[in-house]
Amino acid sequence: MKLTALAAGALMIAAPAIADEVAPGDVVFGEYGVVETSLTGVVGDPAAGRDTFANRRLGNCLACHQNSDLANEQFHGNVGPTLDGVGDRWTEANLRGILVNAKNVFPNTMMPAFYVNEGFVNVREDLAGQTILSAQQVEDVVAYLMTLHD
Amino acid sequence: MPGYTRKATLAVLLAGTVMVAPALGDESAELVIDGETLITRAPAPEHMENMSEIMSGWLFRSSETQAVQMDDFDNPGMLYVDEGLDLWNVVEGEAGESCASCHGDAESMAGVRTQMPHVNENGELWAMEDYINNCRTERMGAEAWGWESNEMLSMTTMISYQSRGMPMDVQIDGEAAPYWEQGREMYYTRTGQLNFSCANCHEDNYGNMLRADHLSQGQINGFPVYRLKWAGVGSIHRRLRGCITDTRAETYGRGSDELTALELYVASRGNGLSVEAPSVRN
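Report follows, based on the coordinates. Treat the numbers as computed from the prediction; the structure is a model and nothing was measured. (Residues numbered from 1 in each chain as written. Chains lettered and ligands numbered in written order. Predicted model: local features only at pLDDT ≥ 70, side-chain atom pairs only at ≥ 80, totals over all residues. Heavy atoms only, no water.)

1. As for the overall build of chain B
1) Next: Helix and strand content of chain B: 10 helices and 11 strands.
2) Next: Its C-alpha atoms give chain B a radius of gyration of 19 Å, near enough to 19 Å, the size a compact globule of 282 residues would have.
3) Next: Dimensions of chain B along its principal axes, counting C-alpha atoms only, are 65 × 40 × 30 Å.
4) Next: Residues classed as buried in chain B amount to 55% of the 282 residues present.
5) Next: Taking contacts inside chain B between residues at least 6 apart in sequence as the whole, the part at least 24 apart equals 69%.
6) Next: The averaged location of the 42 negative side-chain charges in chain B is 11 Å from the averaged location of its 20 positive side-chain charges. (Helix = DSSP H or I, 4+ residues; strand = E, 2+ residues; numbered from the N terminus. Rg over C-alpha atoms; globule rule 2.2 N^0.38 Å. Buried < 20%, exposed > 50% of the residue type's maximum accessible area, 1.4 Å probe, protein only. Contact = heavy atoms within 4.5 Å. Lys, Arg positive; Asp, Glu negative; His and termini not counted. Charge placed at Lys NZ, Arg CZ, Asp CG, Glu CD.)

2. Re the packing of helix α7 (residues 177-188) of chain B against helix α10 (residues 257-268) of chain B
What describes two packed helices is the angle between their axes and the distance between those same axes.
All names here are of chain B.
1) Next: Interhelical geometry of α7 versus α10 gives an angle of 85° and a closest axis separation of 7 Å. On the basis of their axis angle, the class for α7 and α10 is roughly perpendicular. In this structure, α7 contributes Y179, W180, Q182, G183, R184, M186, Y187 and Y188 to the contact, and α10 contributes D257, E258, A261, L262, L264, Y265, V266 and S268.
2) Next: Considered class by class, the residues forming the contact of α7 with α10 number 10 nonpolar, 3 polar and 3 charged. (Axes fitted to C-alpha atoms, helices over the stretch in contact; angles between N-to-C directions. Parallel < 35°, antiparallel > 145°, perpendicular 65-115°, else oblique. Nonpolar A, V, L, I, M, F, W, Y, C, P; charged D, E, K, R; others polar.)

3. Section: the packing of helix α3 (residues 78-88) of chain B against helix α6 (residues 150-161) of chain B
Residue and element names in this part refer to chain B.
1) Next: Two elements in contact, α3 and α6, have axes whose closest approach is 7 Å; the angle formed by their N-to-C orientations is 100°. As summarised for this structure, α3 and α6 are arranged roughly perpendicular, according to the angle between their axes. Taking contact as the criterion, the partners of M78, Y80, V81, E83, G84, L85, L87 and W88 in α3 are, on α6, N150, E151, L153, S154, M155, T157, M158, I159 and Y161.
2) Next: Split by residue class, the contact of α3 with α6 holds 11 nonpolar, 4 polar and 2 charged.

4. Some points on the environment of A231(B)
Residue and element names in this part refer to chain B.
1) Next: Positionally, A231 belongs in the loop between β9 (225-227) and β10 (232-234).
2) Next: Looking at A231, the relative accessible area reads 56%, which means it is exposed.
3) Next: C-alpha of A231 to C-alpha of N282: the two residues are 51 residues apart in sequence and 9.4 Å apart in space.

5. As for the interface of chain A and chain B
1) Next: Between chain A and chain B, the residue contacts involve 31 residues of the former and 29 residues of the latter.
2) Next: Counting each side, the surface lost to burial between chain A and chain B is near 2,700 Å², with a carbon and sulfur contribution of 56%.
3) Next: Here chain A is connected to chain B by 1 salt bridge.
4) Next: Scanning the region where chain A abuts chain B turns up 13 residue pairs in polar contact (both at pLDDT 80 or more). (Buried area = accessible area lost by both parts, 1.4 Å probe. Salt bridge = Lys/Arg side-chain N within 4 Å of Asp/Glu carboxyl O. Polar contact = N/O pair within 3.5 Å; in protein donor to acceptor, adjacent residues only side chain to side chain.)

6. Re the sheet that holds β10(B)
All names here are of chain B.
1) Next: Read across the sheet, 3 strands follow the order β10-β9-β11 without closing on themselves; strand pairing throughout is mixed. Strand pairing shows two members of the sheet lacking a second neighbour, β10 and β11 (279-281), which therefore form its edges. Along the sheet, successive strands turn relative to each other by an average axial angle of 40°, direction set aside.
2) Next: Relative to β11, β9 runs parallel, the two being bridged by 3 bridges. (Pairing = 2+ DSSP bridges.)

7. A short note on helix α4 (residues 92-101) of chain A
Residue and element names in this part refer to chain A.
1) Next: The element α4 is extensively covered by neighbouring structure, given that 9 of its 10 residues are classed as buried.
2) Next: Those residues of α4 not exposed but buried are A93, N94, L95, R96, G97, I98, L99, V100 and N101.
3) Next: Looking at the buried positions of α4, the neighbouring elements they touch are α3 (86-89) and α5 (135-145).

8. Some details on the state of the cysteines
Residue and element names in this part refer to chain B.
1) Next: Using the criterion set out here, one finds 0 disulfides over all chains in the structure.
2) Next: Cysteine C99 is unpaired, with the sulfur of C135 as its nearest cysteine sulfur at 7.0 Å.
3) Next: For C99, a relative accessible area of 15% puts it in the buried group.
4) Next: Left without a disulfide partner, C102 is nearest to the cysteine sulfur of C135, which lies 6.9 Å away. (Disulfide = S-S within 2.5 Å.)

9. Some thoughts on the pattern of salt bridges
Oppositely charged side chains are able to pair whenever their charged atoms sit close together.
1) Next: In the structure shown here, the tally under the stated rule is 13 salt bridges over all chains.
2) Next: With a closest N to O distance of 2.9 Å, R50(A) and D69(A) form a salt bridge. One end of the pair, R50(A), is in helix α2 (residues 46-54); the other, D69(A), is in the loop between α2 and α3, with 19 residues separating them in the sequence.
3) Next: Its relative accessible area of 34% is what places D69(A) among the partly exposed residues.
4) Next: Across the salt bridge formed by E92(B) and R136(B), the nearest N and O atoms sit 3.1 Å from each other. A residue pair is termed long-range when its members are at least 10 positions apart, and E92(B) in the loop between α3 and α4 (99-103) and R136(B) in helix α5 (residues 128-140) qualify at 44 residues.

10. Quick look at the packing of aromatic side chains
By convention here, two paired aromatic rings are described through the distance between centres and the angle between planes.
Residue and element names in this part refer to chain B.
1) Next: On inspection of all chains with the given rule, the structure shows 8 aromatic pairs over all chains.
2) Next: Considering the side-chain rings of F60 and Y206, the 6.3 Å spacing of their centres and the 90° angle between planes classify their relative orientation as edge-to-face. Taken together, the residues span a long stretch of sequence, with F60 in the loop between β4 (53-55) and α2 (63-70) and Y206 in the loop between α8 (198-202) and β7 (209-210) at a distance of 146 residues.
3) Next: The class of F60 is buried, set by a relative accessible area of 1%.
4) Next: Residue class for Y206 comes out buried when judged on its relative accessible area of 0%.
5) Next: Each member of the aromatic cluster is reached from another via a ring pair, and the members are W180, Y187, Y188 and Y265.
6) Next: Across the ring face of W230, the terminal group of R227 is positioned such that the distance to the ring centre comes to 5.0 Å.
7) Next: Lying over the aromatic face of W230, R238 brings its terminal NZ or CZ to 4.0 Å of the ring centre. (Phe/Tyr/Trp six-rings, centres within 6.5 Å; stacked < 30°, edge-to-face > 60°. Lys NZ or Arg CZ within 6 Å of the ring centre and 35° of its normal.)

Bear in mind that shape data such as this cannot, by itself, settle questions of function.
Encoded structure:
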């Protein structure tokens with residue numbers, strides 16, 4: 001009880017200092033394209049991440065990936081690898097890096113970069129300068145993926 | 001070339017275990033219409049460096065959709081052929097002529113589809129729609145038809161139908177070469193916020209599932225196509241625009257130089273496959 005209160009207190013103090021989002025152009029990539037630092041400083045919400053993952057207008061991840069945790073959703077794609085157990089195979093930093101820009105990890109991948117906002121060819125005008133997901137949505141999806149175990 | 005058989009097997013395996021169950025068609029089926037067998041598989045044309053076999057989109061559709069195309073009485077695209085035959089004989093415009101006045105029977109159009117798009121006498125690449133509208137405005141003194149109008153779709157479907165069963169054979173060298181290069185460049189350029197090229201789906205991943213969509217090679221030998229999703233026949237440029245829009249890119253207008261060049265390149269990837277017009281797809 002006491003520990004929880006202490007932790008909560010620490011978070012409240014820490015939050016304002018790190019709440020600023022990392023802009024897409026300022027993301028720091030490590031070896032193999034990993035992104036160690038949270039994009040927002042706010043802990044990802046796995047439940048919100050699950051919604052973003054499944055939403056066809058947001059992550060639309062099922063277009064390409066099979067995921068047994070969402071077996072209630074019809075038609076899972078198989079262009080990319082299955083995501084069953086993905087939380088066992090990758091670290092949080094790996095997954096964040098892949099979501100932000102998978103091409104840093106797999107140079108020829110078809111996977112879209114979900115937190116990149118420039119360098120696209122002929123991008124739709126209303127989407128110019130936009131990322132596919134927000135920084136917090138990326139953090140939420142990372143948190144969700146980390147819950148997927150074999 | 002992607003391991004097509006392996007991927008297809010994987011798709012079937014997945015279908016058994018997870019919620020991946022759109023009806024996959026029989027990829028070994030033969031497309032027979034009125035006793036004639038159409039060419040749905042052929043060796044890839046020499047210019048295609050990454051593939052060895054080309055396959056009609058018919059092979060990727062469900063058995064039910066395949067069956068509709070095999071029966072001209074069931075195929076709703078045949079209504080457009082009938083309408084096109086009627087229009088062929090309609091006198092319109094200041095010159096008081098119909099298509100038939102100059103061209104005779106519609107059967108004289110056999111082979112035309114196989115060579116479209118084609119460079120005209122002024123060195124410009126024209127799609128079939130351009131040739132039709134040129135006849136209307138320059139020879140008949142009539143109004144041009146809209147690219148996606150029912151009249152244009154009926155006429156292109158009927159003219160294409162005259163070549164049904166004949167192998168696609170568009171020219172890619174000589175005067176066509178620069179247009180073909182432009183189209184090829186477009187095919188392999190990743191565009192839009194999703195950053196996909198045509199090749200990402202239709203060369204690297206045909207046979208795989210994109211959600212409920214069984215990815216085909218994106219061949220256009222079947223056009224004009226009766227698409228169940230459209231509940232009607234649509235043009236090649238309409239379909240190309242749909243794919244480009246799906247990448248979250250700005251797209252090009254029907255009849256634009258860009259889409260006509262892309263049409264030529266995509267058509268050339270189907271050289272050797274039968275014209276299927278009017279084909280049926282989902």
